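For reference, the chains in residue letters:
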Amino acid sequence: MNSPHVDFYIIANIDGEEKHIKVIELETTDGVPYYSCYIGETEITQLRNEIYGKWEQLWGNLPNETISLIGEKILEKVSPP
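Residues numbered from 1 in each chain as written. Predicted model: local features only at pLDDT ≥ 70, side-chain atom pairs only at ≥ 80, totals over all residues. Heavy atoms only, no water.

A word on the packing of aromatic side chains. One pass over the structure, following the stated rule, counts one aromatic pair. Ring centres of Tyr35 and Trp55 lie 5.7 Å apart, and the angle between their planes is 55 degrees; this geometry places the pair in the tilted category. Taken together, the residues span a long stretch of sequence, with Tyr35 in strand β3 (residues 33-39) and Trp55 in strand β5 (residues 55-60) at a distance of 20 residues. Under the relative-accessibility criterion, Tyr35 is labelled buried at 6%. A relative accessible area of 8% places Trp55 in the buried class. (Phe/Tyr/Trp six-rings, centres within 6.5 Å; stacked < 30°, edge-to-face > 60°. Helix = DSSP H or I, 4+ residues; strand = E, 2+ residues; numbered from the N terminus. Buried < 20%, exposed > 50% of the residue type's maximum accessible area, 1.4 Å probe, protein only.)

And the structure:
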């Protein structure tokens, strides 16, 4: 089922600076969610939370520590309290 994408914002530390990141939740054709992340109009990465619990970068060039941090912030937004 194709659902409309969901937009939200997170704040994450990138290169020692707090950045406001727009996150767009999208789905692959088989329904697996992934997240496209933007600073301003520039896409900085695409991430997916793999079934084994690790965040993987599908596109982009961020260090693993930053990927994990952004992933944690995304989970805070998309997971119920």
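From this point, things continue past the structure.
Let us look at the sheet that holds β5. Read from one edge of the open sheet, five strands run β1-β2-β3-β4-β5, paired in antiparallel fashion. A strand with exactly one partner marks an edge of an open sheet, and here the two such strands are β1 (6-14) and β5. With strand direction ignored, the average angle separating the axes of adjacent strands in the sheet is 30 degrees. Note: β3 against strand β4 (residues 42-49), five bridges, orientation antiparallel. Among the inter-strand pairings, Cys37 is bridged to a residue of β4, identified as Thr45. (Pairing = 2+ DSSP bridges. Axes fitted to C-alpha atoms, helices over the stretch in contact; angles between N-to-C directions.)

Put simply, side chains in a regular strand alternate between the two faces of the sheet. By the bridge criterion, nine bridges tie β1 to strand β2 (residues 17-27) in an arrangement that is antiparallel. Residue Asp7 lies in a different strand from β2, and its bridge partner there is Ile24. Linking β1 back to β2 in an antiparallel pair, the connection comprises two residues, with Asp15 at a positive phi of about 55 degrees. Here β2 pairs with β3 via six bridges, running antiparallel. Bridge pairing links Glu27 to Pro33 in β3. The hairpin formed by β2 and β3 contains five residues between the paired strands, and Gly31 there has a positive phi angle of roughly 85 degrees.

That is the geometry; function is a separate question.
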